[in-house]
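Structural features, examined
Residues per chain, in single letters:
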Amino acid sequence: VQLQASGGGLVQAGGSLRLSCAASGRAFSTYRMGWFRQAPGKEREFITAISRSGRNTYYTNSVKGGFTISRDNIKNTVDLQMNSLEPEDTALYYCVAHYQRIDVAPTGPNFDYWGQGTQVTVSS
């Protein structure tokens, strides 16, 4: 599966952005999807994921309550709605995918497929 992320940009603190990831290839609905981010000088961070059906989600504590992941298995897209953004959210955001045999909570951080990243910059 190939992943193409978009929607990054510059936003003021307190603002919102919506990232989108378009997947090409077969059987999108059999993949759990997620997002990582990497801030300058920091390690890559697994922030959220959604199961193959969309019924189960996972959020790391740092984004819980502010970010929402969703997917459309007809359009083969996964979105990340980011609200109440802070300068600490500045990072390169990556869309990721991994085959999921059973539709369970997507807490595992291992993903086989990565998109190219989209930059999010939050100014104070």
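Heads up: these notes are all about the structure in this document. Bear in mind the structure is a predicted one, so any value in this text is a computation, not a measurement.

The rules behind the values
- Residues numbered from 1 in each chain as written.
- Predicted model: local features only at pLDDT ≥ 70, side-chain atom pairs only at ≥ 80, totals over all residues.
- Heavy atoms only, no water.
- Phe/Tyr/Trp six-rings, centres within 6.5 Å; stacked < 30°, edge-to-face > 60°.
- Helix = DSSP H or I, 4+ residues; strand = E, 2+ residues; numbered from the N terminus.
- Buried < 20%, exposed > 50% of the residue type's maximum accessible area, 1.4 Å probe, protein only.
- Lys NZ or Arg CZ within 6 Å of the ring centre and 35° of its normal.
- Disulfide = S-S within 2.5 Å.
- Pairing = 2+ DSSP bridges.
- Axes fitted to C-alpha atoms, helices over the stretch in contact; angles between N-to-C directions.
- Salt bridge = Lys/Arg side-chain N within 4 Å of Asp/Glu carboxyl O.
- Core = buried A, V, L, I, M, F, W, Y, C linked by side-chain atoms within 4.5 Å.
- Contact = heavy atoms within 4.5 Å.

Concerning the packing of aromatic side chains
Taken as a whole and assessed by the stated rule, the structure comprises 8 aromatic pairs. Taking the centre distance of 6.4 Å and the plane angle of 85° together, the rings of Y31 and Y99 count as edge-to-face. Of this pair, Y31 sits in strand β4 (residues 31-38) while Y99 sits in strand β9 (residues 91-99), and the two are 68 residues apart along the sequence. Taking relative accessible area as the criterion, Y31 reaches 12% and is therefore assigned buried. Arranged with centres 5.6 Å apart and planes meeting at 55°, the rings of F46 and F111 form a pair that is tilted. With F46 in strand β5 (residues 45-50) and F111 in the loop between β9 and β10 (113-114), the pair connects residues that are 65 residues apart, well separated along the chain. Judged by relative accessible area, F111 falls into the buried class, the value being 8%. Ring pairing ties together the aromatic residues F36, F46, Y58, Y94, F111 and W114, which thus form one cluster. Seen from the ring of F111, R32 lies directly overhead, with NZ or CZ sitting 4.5 Å from the centre.

A closer look at the state of the cysteines
Applying the stated criterion to the full structure yields 1 disulfide. Between C21 and C95 runs a disulfide, and the two sulfur atoms are separated by 2.1 Å. Between C21 and C95, the disulfide has an S-S torsion of -85° and is therefore left-handed. Of this pair, C21 sits in strand β3 (residues 17-24) while C95 sits in strand β9; the two residues are 74 residues apart in sequence, bridging distant segments of the chain.

Quick look at the sheet that holds strand β7 (residues 67-72)
With antiparallel pairing, the 4 strands of this open sheet are ordered in space as β1-β3-β8-β7. The outermost strands of the open sheet, each flanked by one partner alone, are β1 (2-6) and β7. Across the sheet, the mean angle separating the axes of adjacent strands is 15° when strand polarity is ignored.

Remarks on the pattern of salt bridges
Scanning the entire structure with this criterion turns up 4 salt bridges. The salt bridge involving E45 is made with R37; its shortest N-O contact spans 2.9 Å. With a relative accessible area of 7%, R37 lands in the buried category. D89 is the salt-bridge partner of R37, the closest N and O atoms lying 2.9 Å from each other. In this pair, R37 sits in strand β4 while D89 sits in the loop between β8 (77-82) and β9, placing the two residues 52 residues apart along the sequence. Each member of the pair, R37 together with D89, is buried.

Here's the deal with the nonpolar core
Residues M33, W35, L80, M82 and Y93 are the most contacted members of the largest nonpolar core, which totals 28 residues. Breaking this core down by element, the ones donating at least two residues are β1, β3, β4, β5, β7, β8, β9 and β11 (118-123). Setting aside residues no more than four positions away along its own chain, Y93 makes contact with L19, W35, F36, R37, I47, F67, L80, M82, G117, T118 and V120. Core analysis: the next-biggest nonpolar cluster, separate from the first, contains 6 residues, F36, F46, Y94 and F111 among them.

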